Amino acid sequence: MGFLFTHAGGSGATQHIALLVALGLLFVIGLTTKGDRFATSSNMVTILSLAAVVGVITVGMTFVIIGGGIDLSVGAIMALSSVWATTVATQDTGLFGMLFTAIVVGLVCGLLNGVLIAFGGLVAFIVTLAVSVSARGLAEQISDRKSQLVEVDGFLKIAENKYFGIPMHVYLFLVVVVVGWIVLNRTTFGRRTFAVGGNPEAARLAGINVRLHTCLLYVVSGLCCGIAAIMLTAQANTGASTHGQLYELDAIAAVVIGGTLLTGGFGSVVGSILGVLVFTTIQDLFILNNLASPIQQIAKGVIIIAVLLIQRWGGVRRRVNA
């Protein structure tokens, strides 16, 4: 079955190098324009903090896209998880009750996506869009469109506590990245993810339960949403139905420029996280230079289109050379 398990090999390494070069150029720009503020340890921590929440959901999105799917509901699931975890009833249960609620809400929403797509035979784009709308609406209904303040001190410490000058939620982000990398590259689950995304029929003939595995990929994405909701809620000190707006687009963009193919079967967690860092560094540079956010969105769009064109050109060259 080895031929089924396509992964980020030589061309993936090339993509990583290209992203590292891009990060290097962004750092040069930062040093040139705002060297006194950019090249500081506190600003590096700020970049990591900005990357943490989107980075966590990007790990889950990487699994889904490599497996041949897409998830447009991650931002809304985060919002629902944050709202449900910060209701008065949930906060009365204490820190662990809040953590448990956020994770369970994410898992249940991910499971719902997975069941409808894998076993219901519905299109992932439509299902996750519908779940996004429903989850956001439910979050508004529960919170009455109001922000819910976090009253549990232990929960707030997730963002406030620092070790060696780095907030706890950044360490949580790094743990998710490391675990995601290990699962994708060193376990049977990861190899099956590449197989299902690369050729579902061949994977089925090789004995892989494609439906079950596809369902589990969306559960992984939901789990990442629950973890990200905890981090964002702790940072914002509130649970709100507006949390996670357009985060799904940021996650997909990071996955794409990280080298993961939207057609599935090829990609890496490392590439996706490098993509997150590229976009986060751009965001930091725009903030430091007081540039308008619409220009930042335009820059993101141009980068995504450029990467897609490069991927398509590279794919054509590989087919011609073959």
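Residues numbered from 1 in each chain as written. Predicted model: local features only at pLDDT ≥ 70, side-chain atom pairs only at ≥ 80, totals over all residues. Heavy atoms only, no water.

An unreviewed UniProt entry annotates the chain as ABC transporter permease of Streptodolium elevatio. You can read under Subcellular location (unreviewed entry) in the UniProt record for the chain the words "Cell membrane". (UniProt positions renumbered as here; feature names shortened; annotations may be inferred.)

Let us look at the overall build of the chain. A count of helices and strands for the chain gives 14 helices and four strands. Relative to a compact globule of 322 residues, whose C-alpha radius of gyration would be 20 Å, the chain shows 20 Å and is just as compact. When its C-alpha atoms are laid out on the principal axes, the chain stretches across 60 × 50 × 35 Å. Burial analysis of the chain (322 residues in total) assigns 51% to the buried set. Charge centroids of the chain, computed over 17 positive and 12 negative side chains, lie 15 Å from each other. (Helix = DSSP H or I, 4+ residues; strand = E, 2+ residues; numbered from the N terminus. Rg over C-alpha atoms; globule rule 2.2 N^0.38 Å. Buried < 20%, exposed > 50% of the residue type's maximum accessible area, 1.4 Å probe, protein only. Lys, Arg positive; Asp, Glu negative; His and termini not counted. Charge placed at Lys NZ, Arg CZ, Asp CG, Glu CD.)

A few words now on the nonpolar core. Membership of the largest hydrophobic core comes to 66 residues, with the highest contact counts inside it found for Val-56, Ile-57 and Met-78. No other element matches the 13 residues that helix α2 (residues 41-66) contributes to this core. When near neighbours in sequence (up to four residues on either side) are disregarded, Ile-57 contacts Val-74, Met-78, Cys-224, Cys-225, Ala-228, Tyr-247 and Ala-251. One finds Ala-102, Ile-158, Ile-230 and Ala-234 within the second-largest nonpolar core, a separate group that totals 11 residues. (Core = buried A, V, L, I, M, F, W, Y, C linked by side-chain atoms within 4.5 Å. Contact = heavy atoms within 4.5 Å.)

Below, the discussion takes up the packing of helix α7 (residues 153-160) against helix α11 (residues 210-236). Between α7 and α11, whose axes approach to 8 Å, the crossing angle comes to 95 degrees. By the angle class used here, α7 and α11 are roughly perpendicular. Residues Phe-155, Leu-156, Ile-158 and Ala-159 of α7 pack against Ile-230, Thr-233, Ala-234 and Gln-235 of α11. Per-class residue counts for the contact of α7 with α11 are six nonpolar, two polar and no charged. (Axes fitted to C-alpha atoms, helices over the stretch in contact; angles between N-to-C directions. Parallel < 35°, antiparallel > 145°, perpendicular 65-115°, else oblique. Nonpolar A, V, L, I, M, F, W, Y, C, P; charged D, E, K, R; others polar.)

This part is about the side chain of His-243. By the secondary structure assignment, His-243 is in the loop between β4 (238-239) and α12 (247-257). You can call His-243 buried: its relative accessible area is 10%. Residues within four places of His-243 in sequence aside, it is in contact with Gly-75, Ala-79, Ser-82, Arg-136, Leu-232, Thr-233, Ala-236 and Thr-238.

With that settled, the discussion passes to the packing of aromatic side chains. Applying the stated criterion across every chain yields a total of three aromatic pairs. With 6.4 Å between their ring centres and 40 degrees between their planes, Phe-63 and Phe-189 make a pair best called tilted. In this pair, Phe-63 sits in helix α2 while Phe-189 sits in helix α9 (residues 188-198), placing the two residues 126 residues apart along the sequence. Look at Tyr-163 and Tyr-171: their rings are 6.4 Å apart centre to centre, the planes differ by 70 degrees, and that puts the pair in the edge-to-face class. Judged by relative accessible area, Tyr-171 falls into the partly exposed class, the value being 29%. (Phe/Tyr/Trp six-rings, centres within 6.5 Å; stacked < 30°, edge-to-face > 60°.)

Turning to the environment of Gly-35, a few remarks are in order. You can see Gly-35 is positioned in helix α1 (residues 10-38). Separated by 256 residues in sequence, Gly-35 and Leu-291 have C-alpha atoms that sit 16 Å apart.

Attention now moves to the layout of surface pockets. Estimated volume of the second largest pocket: approximately 490 Å³. If you go around the second largest pocket, you meet 21 residues; those closest to its centre are Val-54, Leu-246, Asp-250, Gln-283 and Lys-300. Listing elements by their share of the lining of the second largest pocket, those giving two or more residues are α2, α11, α12, α13 (269-288) and α14 (293-321). Among the elements that make up the lining of the second largest pocket, the one with the highest residue count is α12 (five residues). Of the residues assigned to the lining of the second largest pocket, the class counts are 12 nonpolar, seven polar and two charged. (1 Å grid on protein atoms, 1.4 Å probe; cavity = no way out; pocket = protein on both sides within 12 Å on 5 of 7 lines; lining within 4 Å. Points joined across faces, edges and corners; volume = space filled by probe spheres on them.)

Attention now moves to the UniProt feature "transmembrane region" (unreviewed entry) in the chain. Those places that UniProt annotates as "transmembrane region" (unreviewed entry) correspond, in this numbering, to residues 12-32, 44-66, 122-139, 163-184, 216-234 and 246-279. Measuring from the first to the last C-alpha atom of residues 122-139 gives 24 Å, for a span that is 89% helix and 0% strand. Strand forms 0% of residues 246-279 and helix 65%; the C-alpha atoms that close the span are 14 Å apart.

As enumerated under the stated definition, the model contains three salt bridges in all. Here Glu-140 and Arg-145 are joined by a salt bridge, their closest N and O atoms 3.5 Å apart. On the basis of relative accessible area, Arg-145 is assigned to the exposed category, the value being 66%. (Salt bridge = Lys/Arg side-chain N within 4 Å of Asp/Glu carboxyl O.)

This next bit is on the environment of His-16. Checked against the element boundaries, His-16 lands in helix α1. The spatial distance from the C-alpha of His-16 to the C-alpha of Ala-130 is 34 Å, given a sequence separation of 114 residues. In contact with His-16, not counting residues within four places along its chain, are Gly-258, Ser-268, Val-270, Gly-271 and Leu-274.

Structurally, Ala-118 is set in helix α5 (residues 95-119). With a relative accessible area of 11%, Ala-118 lands in the buried category. Once the C-alpha coordinates of Ala-118 and Leu-184 are considered, the two residues, 66 residues apart in sequence, prove to be 20 Å apart.

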